[in-house]
Amino acid sequence: MSLLNPAALLLLLIALPVTLLYVLRVRLRRAPVSSMMFWQKALADQPPRAFWQRFRHLTSWLVTMLLLALLTLAAADIRWSSRSTLPQRLVLVLDVSSGMAAAEDGTSRLDRARQAALRLLAELSDDDEAAVIAAGTVPVILCGVTSHQPTLRRAITNARQTPGPGDLEKAVELAQRLAASAGPAAGAATGRLVVFSDGCGEWQPSERVETGPPNEQPREVPVEWKFFGKPQPNAGFTAFQVRRSEADPLGYEVFVRVRNAADFPLTARVELERDGIPLDVIPVSLAPNEEWTHVISKLSAEGGRLHASLTELRFTAAAGATGLADGLAADNTAWAVLPARPRQNVLLVSPGSLFVQKVLEANPLIDLTVWRELPENPVWPEGTLVVLHELVPAVLPPGPVLVLDPRGSCDAWKIAGEVTDPVLESAQGTAELMRNVRLEQVLIPAAAVLEFTSPPQVLATAAGGVPLYSLVRRSSGGAVLVLAIRLGGSDLAYRTVFPILVANALNQFGGRGHAAPAALAAGDTARLILSAAAGTTAASDGQVSTGGVQTFRLRSPSGALQQLAAAPAGMFPGAAGVSEQEWLLVTEPLLEAGIWEVSAAPAATAAAAATPVRARDGQDREPLLEFAVNAAIETEVDLRPAASLPAAAETAVAEPAWLTFGSVTGWLILLALLLLAVDWVLHQRRWLA
Amino acid sequence: MLFPPDFLTRLEYLSMMSKRVFRGRLLAQRRSLQTGAGLEFSDHREYAPGEDLRYLDWNIYARHGQMLVKRFQEEQDLQVSVLLDASGSMKFGSPPKFDRARQLAAAFAWLALADLDRAGIAVFADGLVQELPGGRGRERILGLMRFLEGLSAAGRKTRFSRSVQDFLQRSPRPGLAIVLSDLLDPDGFSEGLDQLRYRHYDLHVVQLFDPRDARPELLGDVELEDLETGEVRQVRVTERIAAEYRRAFLEHQAAVRDYCLRYGFRCTAADSSVPYDQLMLQMMKAAGTEATPEDGTSP
């Protein structure tokens, strides 16, 4: 037992004047009466006093003293605690996953966890210290180790709900490090680690964390688990992804998965909209714990924002059971971005190759123009991808160029000869240009040996280091892809790999708009790749590149803006799937579900700086990239606590903040109030003076 | 002010109400049955030597030779005596019971004087303190009021029996006795009333009480002071004791009422907080309701 506020014991001095007042006789008020004859009769008829009534003054005094003692102890903040007298370091881990948003009796699980955490904080003495960690997708230290209670309370109160899963394991590991640093080895304080969670999801506390033998791992602190939340029925999207349609070269397919995480059958409707226009409504009936998967095809190539919502959601309870509501609303919506697929102008310069021409004509997004011969002074159309087959001008056209089977030298290379029956030595299968391209089985009777004027990025090499497929970056801008294989005697043009290779090249030159970006899970960090054109847009917008780093702007679904620094992919050699001319952006954990936008940041010029920030930020900029973030997370849909909760788990009970066992203050005040009521009754009945 | 300027006007009004509406039943107007000098013939009796020959009925003597004397019914006035309690307990109340008693005494006296009866006032406490002898005529009312104004309720005990004894010694002639008192005599009230009853007095007991006499608003520790004896007693008044007090008070009132009912006397428990004229009207009304055909009057 200890007193946190011993100075309050001075309140006991009030007992002196109170006792004095009991000792001194109070002068009674005088009441004249007509006659004493009736009073004598009334008083004479009284039954003899009970034994205890002789001590009524003493009883009243004792009741008052007891009341004073209780209030004094309450003010002194008496504590019954089993912990040592050493200062304590308390590390609180708050699960802020999306499942903690589920409400029971109007209060979310996170709010209950907050209240419990605040109660724990209230029990700390001045010498104790604490830290607060939010267990979101990425554990975040909301407040470092401090004994400043307002800061700690503010950190707990401001702990933000995330729409994603919570990585409790990493959060506990982080908390262990914080708490263990206060162990005996560190000196003064003893560590304590408390985790507030709903016990839902697939995460299981590890043995190492929970019950580590203190002798072997002296710096580990046992974890106290406090679980909040009752099992609640819930249903929601667990997947909502877009991909290119396998059947329709222009269209998209959407993969939808809905899970009924309840012990009751479910009926609902899946409503699909694109840019606010209803596309489809699909009725869904699910058995308990059943998943529904569906692929929606024939989505056009126009692009747009696809929004799915789960509506008319009803759990069919057993007979007599009513009032079953969906536990979590956040997972009832999902978003996806369908990139627009713009048409592309292609100029084919070829003396005549049916397969080359057909490969290009087969692509419905291409407007093809064919030149059968190379003019003496060609005028290259702007905004057009030039495909040169066999015919090579002395100076390559500006912009992107695809060269197939070059027969002549130009400003980018010189033909040094020809190699017969080259053996494929290596191919960069990880490069975007070589995706799904397999050249091993291709018959290659001959290939041109090229000597490049500037070092190329070789994508495929024959034995002896002869480049077969190369990417040349020109200083004037525009990349050149050169396939040195002689198509005349090769079966490459007849194989499936050829249209794939050409399509990859067309996608590369036309930007990444053709690929449907995957929807991310809330709480994830996004790794975004912007095309070289995006960097050009930013530069033309007045952006000043500092050390090669460009600044972009990320807009959240709620409209919040943040700056993102992007580096050219060339700064990260070996970055998978990124070409050197592209830009690589890595975001912070994305804590909002919806559509996020990346656009060019406002110019940082002097003129722009003179413009108010709000005005500058208010400018509508064409987004360079859009991507979707969903709360559709498999592990967070199920709001039923896991069956395998830790054995040492304690199910937290919502109780008033002042009624805590650690602090008996609440009980003392309650007892004092009870005593006051008893005292009042005794006085009312004239049993006490 | 004990007697406000319109006091007499109100008394006149009460007198008219008494005659017209209640036919004067409040004072139970009646003639004396005593024979003597009067105008109305009553009967004859034998002549005794020495008697006044003027009353000898000469016609009978001439006709029958018998000497008979004519007797006449004597018209004797009603003596209304107001016994006014001036003990210390009458000081209690708001207004004091003694003030209300004096107003009632004046009112009763006025009704008697208005009927050409004789009205007198006897003030008592532990004995007969003061007395205004009976007299007749309306002009006496002013003197009577002055007498009442000069009275005060001294801090004396109530000894009703002894007071009645003194009163009877001075007023042997019976009549109507109106007792204005709270009757808070520790020795009891019945002995005094018995003496009046034995002397053939017609009684009207007006028992005055203050509302705080009936329901004292005292709870907790108090120091009670007896206004008659000056006795001081510290008591703790609980709900139970207060209830016992109220029960004792009601028992006392019931005892007075039972006594009067038993002997056919009129009894009124008068709340001293009620104005005197209303009290008088209430008493007149009650008297009219109690009237019987044998009274010779009809309601």
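Residues numbered from 1 in each chain as written. Chains lettered and ligands numbered in written order. Predicted model: local features only at pLDDT ≥ 70, side-chain atom pairs only at ≥ 80, totals over all residues.

Draft legend 1. Spotlight on the overall build of chain A. Regarding its fold elements, chain A presents 14 helices and 35 strands. Per-residue burial for chain A yields a buried fraction of 37% across its 689 residues. (Helix = DSSP H or I, 4+ residues; strand = E, 2+ residues; numbered from the N terminus. Buried ≥ 20, exposed ≤ 12 C-beta atoms within 10 Å, placed from the backbone.)

Draft legend 2. Representation of the overall build of chain B. Counting its secondary structure elements, chain B contains nine helices and 10 strands. Here the contacts in chain B between residues at least 6 apart in sequence split such that 76% fall between residues at least 24 apart. (Contact = placed C-beta atoms within 7 Å.)

Draft legend 3. Structural detail: the sheet that holds strand β16 (residues 304–315) of chain A. Residues and elements named next belong to chain A. Taken in spatial order, the four strands of this open sheet run β14-β13-β16-β17, and their pairing is antiparallel. Of all strands in the sheet, those bounded by a partner on one side alone are β14 (277–286) and β17 (333–338). With strand direction ignored, the average angle separating the axes of adjacent strands in the sheet is 20°. Judged from the nine bridges that link them, strand β13 (residues 266–274) and β14 form a sheet pairing that is antiparallel. When the bridges of β14 are listed, L266 appears paired with L286. (Pairing = 2+ DSSP bridges. Axes fitted to C-alpha atoms, helices over the stretch in contact; angles between N-to-C directions.)

Draft legend 4. Looking closely at the pairing of strand β4 (residues 118–124) of chain B. Residues and elements named next belong to chain B. Of all seven residues that make up β4, seven are buried, and the element is covered over most of its length. Every second residue of β4 is oriented toward a common face, with R118, G120, A122 and F124 on one face and A119, I121 and V123 on the other, all of them buried. Taken together, strand β3 (residues 79–85), helix α3 (residues 97–114) and β4 constitute a β-α-β crossover, and its handedness is right-handed. Where β4 and strand β5 (residues 128–135) come together, five bridges link them in antiparallel fashion. The residue of β5 that forms the bridge with A119 is G135. (Right-handed = clockwise from strand over helix to strand, strands pointing away.)

Draft legend 5. Fine view of the interface of chain B and chain A. Contacts between the two partners involve 27 residues from chain B, matched on the other side by 18 residues from chain A. Breaking the side of chain B that touches chain A down by element, the ones donating at least two residues are β8 (220–226), β9 (232–237) and α8 (239–263) of chain B. Across the side of chain B that touches chain A, the residue classes tally to 13 nonpolar, three polar and 11 charged. One ladder, built from five bridges, connects strand β2 (residues 29–33) of chain A with β8 of chain B; its direction is parallel. Looking across to β8 of chain B, one finds that R30 of chain A is bridged to E223 of chain B. (Nonpolar A, V, L, I, M, F, W, Y, C, P; charged D, E, K, R; others polar.)

Draft legend 6. Here's a closer look at the environment of D210 of chain B. Residues and elements named next belong to chain B. Positionally, D210 belongs in the loop between β7 (202–209) and α7 (211–214). Residues D210 and P96, spaced 114 residues apart in sequence, show a C-alpha to C-alpha distance of 8.0 Å. Residues contacting D210, with those up to four places away along its chain left out, are F92, G93, K97, S272 and S273.

Draft legend 7. Main features of the packing of α3 of chain B against helix α4 (residues 140–149) of chain B. Residues and elements named next belong to chain B. Contact geometry of α3 with α4 gives a least axis separation of 10 Å together with a crossing angle of 165°. With respect to α4, the element α3 is oriented roughly antiparallel. As for the relative orientation of α3 and α4, their crossing is right-handed in sense. Here α3 contributes R102, A105, A106, A109, W110 and L113 to the contact with α4, which in turn contributes R140, I141, L144, M145 and L148. For the contact of α3 with α4, the class distribution of residues is nine nonpolar, no polar and two charged. (Parallel < 35°, antiparallel > 145°, perpendicular 65-115°, else oblique. Left-handed = near helix turned anticlockwise from the far one by under 90°.)

Draft legend 8. Expanded view of the confidence of the model for chain A. Residue and element names in this part refer to chain A. Per-residue confidence for chain A gives a mean pLDDT of 78; residues scoring 70 or more make up 77%. Counted against residues more than four places away or in other chains, residues 206–218, with its pLDDT under 50, gives 12 contacts. Taken together, the stretch residues 605–619 has pLDDT below 50 and engages in 11 contacts with residues farther than four places along the chain or on a different chain. (pLDDT = per-residue confidence, 0-100.)

Draft legend 9. Spotlight on the confidence of the model for chain B. Residues and elements named next belong to chain B. Confidence in the prediction for chain B averages 85 pLDDT; 88% of positions are at 70 or higher. Here strand β1 (residues 35–46) stands out as the element of chain B with the lowest mean pLDDT, 75, in contrast to helix α6 (residues 190–198), whose mean of 94 is the highest. Overall, residues 291–299 carries pLDDT values under 50, and its contacts beyond four positions in sequence, including any with other chains, amount to seven contacts.

Draft legend 10. Representation of the packing of helix α2 (residues 37–44) of chain A against α8 of chain B within the structure. Interaxial distance between α2 of chain A and α8 of chain B falls to 8 Å at its minimum, and their mutual angle equals 130°. Classed by the angle they form, the pair α2 of chain A and α8 of chain B counts as oblique. In the crossing of α2 of chain A with α8 of chain B, the sense of the turn from one axis to the other is right-handed. Contacts between α2 of chain A and α8 of chain B pair F38, W39, K41, A42 and L43 of chain A from the former with I241, E244, Y245, A248 and F249 of chain B from the latter.

Draft legend 11. Here's a closer look at the pairing of strand β18 (residues 344–349) of chain A. All names here are of chain A. Of all the six residues making up β18, five are buried; the element is thus mostly covered by neighbouring parts of the structure. Sheet analysis places β18 next to strand β19 (residues 366–371), joined by six bridges and oriented parallel. Residue pairing across strands places N345 opposite D367, the latter belonging to β19. Sheet analysis places β18 next to strand β20 (residues 384–389), joined by five bridges and oriented parallel.

Draft legend 12. Region of interest: the nonpolar core. V91, L92, V93, L94 and V132 of chain A are the most contacted members of the largest nonpolar core, which totals 99 residues. Contacts of V132 of chain A, omitting those with residues within four sequence positions, involve L92, L94, L142, C143, L152, A155 and I156 of chain A. In terms of nonpolar packing, the next biggest core, distinct from the first, is built from 74 residues, F38 of chain A together with A86, L148 and L176 of chain B among them. (Core = buried A, V, L, I, M, F, W, Y, C linked by C-beta atoms within 7 Å.)

Draft legend 13. Quick peek at the sheet that holds strand β11 (residues 234–244) of chain A. All names here are of chain A. With respect to topology, three strands assemble into an open sheet ordered β11-β12-β15, the strand pairing being antiparallel. The open sheet has two edge strands with one neighbour each: β11 and β15 (291–299). Between one strand axis and the next, the sheet turns by 15° as a mean value, whatever way the strands run.

Draft legend 14. Main features of unusual backbone geometry. Between S94 of chain B and the following residue, P95 of chain B, the backbone shows a cis peptide bond with an omega angle of 0°. You can see P95 of chain B is positioned in the loop between β3 and α3. Phi at D275 of chain A is positive, roughly 50°, even though this residue is not glycine. Summarising the element assignment, D275 of chain A is placed in the loop between β13 and β14. Of note in the backbone geometry, L116 of chain B takes a positive phi value of approximately 65° without being a glycine. One can find L116 of chain B in the loop between α3 and β4.

Draft legend 15. A look at the environment of A103 of chain A. Structurally, the position occupied by A103 of chain A is in strand β5 (residues 103–104). Judged by local crowding, A103 of chain A falls into the partly exposed class, with 17 C-beta atoms found within 10 Å.

Draft legend 16. Structural context of helix α9 (residues 497–509) of chain A. Between its first and last C-alpha atoms α9 of chain A spans 18 Å; for 13 residues at 1.5 Å apiece the expected length is 18 Å, and the two agree. Its buried side turned inward, α9 of chain A meets β18, α8 (354–361), β20, β21 (401–404) and β27 (479–483) of chain A. (Expected span 1.5 Å × (residues − 1).)

Draft legend 17. Fine view of the environment of P641 of chain A. Note on placement: P641 of chain A falls in the loop between α13 (634–637) and β35 (650–651). Through-space distance from the C-alpha of P641 of chain A to that of G199 of chain A is 4.8 Å; in sequence the pair is 442 residues apart.

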